[in-house]
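Coordinate inspection notes
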Amino acid sequence: MVFKSMMSSTKIFVLVLLCMQNTMFTVLRRYSQGVLKEIYSKYEVLLVGELIKFVYSAYKISSELSQGEKAVPKLRYLLKRSSKMAVLACIYGAMNILSFVALRNISAGMFTVFAQLKILTTATCSSVMLNRSYSMTKWRALISLMMGVLLFSEPIWNRDDNSKNPEGGNVMLGTAAVLIEVTLSGFASIYFEKVIKTDPEQLGIWERNYQLAFGSIPIYVMFMFWEDGGVAGYFGGWSVVAGILALLGAAGGMLVALSIKHGDSILKTLATTGAIVLSAALDHYLLGGPLTNIMCIAGVIVVISICNYTFDMSPPEAPLQTEPKNDKPDEEIALTKASVKF
């Protein structure tokens, strides 16, 4: 009981840290690009974050080696065995491309609406890939959470300038792209969880972060060259705020892995969703962002939905089982019972 309580406390602590990291990252990025009007490339920030994660993970792996074990062979071995994390990095890269294609063909409002389906795709992939069964209370909580987040983002999708599709855009192509992107998002979350918890090698969090960063670095380098350095050129427009964002991005990657190890992908989604509400409140009070009555009501719905899911104690519904068919006639059954009794 004490161990279970300790694990529960660790899980809550990690999820709270993840929520705070997402909140700080969102508000700081809003301050950097919305107030200071900094024009650095977001892919460069992500690249630097992955480099930080790669170096720090390598340091942690080296510092935790057993006596007589050398760091270089260990790190080289992990890179050779990083194919599963390379798949995940490629999925993240594909999601970035699909988001770009979607926003070129549909409005930002439509994209925001469809993006909320990530909550349900994660739960569905969890049921299919991990054979998990969720109670009806949890499913209702996830649906109300999705609707709450959708209402909370009303200032984005209900604006006139965001409701118009880009000129010359293909709505069918853009819709297909965003639907594939949200499906991949759910799949990637559960795939990562499955690798962490069920892979026969059972590598630690630092090893998995080291492998994932190694696979992600070439992806972001490719995006950086594709963007041609952005408006400010390669590594132009950087500031102290941009450096802090890179550090927060690296911390976020490690916290996601920890949250999945000590919890699961759904709880990780709840933490990041709660960060949307918290960051919007801070954005309003610190940076003058919007906070309408509808957003306040939606925020309450989000908080209630998270509590309904987290504190639901009802057992999952068991699958229906049919009784085995008995082909014996009644007389034979009666004789069998009589002989057993005798």
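Another point: the environment of V182. Inspection of the secondary structure puts V182 in helix α9 (residues 171-198). Remark: the alpha-carbon pair of V182 and K118, spanning 64 residues in sequence, is separated by 5.1 Å. Once you skip the residues sitting within four places of it in the chain, V182 turns out to touch F114, A115, L117, K118 and T121.

Of all hydrophobic cores here, the largest spans 25 residues; its most connected members are L142, L145, L270 and Y309. It is helix α12 (residues 265-287) that contributes the most residues to this core, seven residues altogether. Of all hydrophobic cores here, the second largest spans 24 residues; its members include F192, I196, Y220 and I260.

What follows concerns the pattern of salt bridges. Under the criterion given, the structure shown has nine salt bridges. Here E201 makes a salt bridge to R81, at a shortest N to O gap of 3.3 Å. Here E201, found in the loop between α9 and α10 (205-226), pairs with R81, found in the loop between α3 (71-80) and α4 (83-105); they are 120 residues apart in sequence, far enough to count as distant. For E201, a relative accessible area of 26% translates into the label partly exposed.

Located in the positive-phi region is K37, a residue other than glycine, with phi close to 60°. Inspection of the secondary structure puts K37 in the loop between α1 (2-35) and α2 (42-63). For Q202, which is not glycine, the phi torsion reads 50° and is therefore positive. Along the chain, the position of Q202 falls in the loop between α9 and α10. Judged by relative accessible area, Q202 falls into the partly exposed class, the value being 47%.

Here K268 shows up in helix α12. Within the buried set, K268 has no salt-bridge partner at all; the shortest N-O distance to an opposite charge, 8.4 Å, is to E193. Those residues within four positions of K268 in sequence are excluded, and the remaining contacts are L15, L18, S189, V256 and S259.

Looking at the chain as a whole, its pLDDT mean stands at 83, while 87% of the residues score no less than 70. For the chain, the element scoring lowest by mean pLDDT is helix α14 (residues 330-341), at 45; α2 scores highest, at 93. Taken as a whole, residues 317-325 scores under 50 in pLDDT and shows two contacts with residues more than four places along the chain or in a different chain.

Aromatic rings in a pair are described by how distant their centres are and how their planes are angled relative to each other. In total, this model carries 13 aromatic pairs according to the counting rule given. Taking 6.5 Å as the distance between ring centres and 45° as the angle between the ring planes, the aromatic pair formed by Y134 and Y309 counts as tilted. One end of the pair, Y134, is in the loop between α6 (118-129) and α7 (136-152); the other, Y309, is in helix α13 (residues 293-310), with 175 residues separating them in the sequence. Residue class for Y309 comes out buried when judged on its relative accessible area of 4%. With 5.9 Å between their ring centres and 25° between their planes, F187 and Y191 make a pair best called stacked.

Rules of the game
- Each residue is numbered by its place in its chain's sequence as written, counting from 1.
- Residue-level local features of this predicted model are given only where pLDDT is at least 70; pairs of side-chain atoms are given and counted only at 80 or more, and the full residue set underlies all totals for whole chains, interfaces and linings.
- Side-chain descriptors were evaluated using all non-hydrogen atoms of the structure, hydrogens and water having been removed beforehand.
- Strands are runs of DSSP state E lasting at least two residues, helices are runs of H or I lasting at least four, and both sets are numbered from the N terminus onward.
- Any pair of residues with heavy atoms lying within 4.5 Å of one another is described as a contacting pair.
- Throughout, nonpolar core names a set of buried Ala, Val, Leu, Ile, Met, Phe, Trp, Tyr and Cys residues whose side chains join them through atoms within 4.5 Å.
- A simple rule labels every residue: compare its accessible area, found with a 1.4 Å probe on the protein chains alone, to the largest value its type can have, and call it buried under 20%, exposed over 50%, or partly exposed in between.
- By salt bridge we mean one thing: a side-chain nitrogen of Lys or Arg within 4 Å of a carboxyl oxygen of Asp or Glu.
- A residue counts as positive if it is Lys or Arg and as negative if it is Asp or Glu; His and the chain ends are not included.
- As a per-residue measure, pLDDT reflects the predictor's confidence and takes values from 0 up to 100.
- Only Phe, Tyr and Trp rings are paired, with Trp represented by its six-membered ring, and only when their centres lie within 6.5 Å; those with planes under 30 degrees apart are stacked, over 60 edge-to-face, the remainder tilted.

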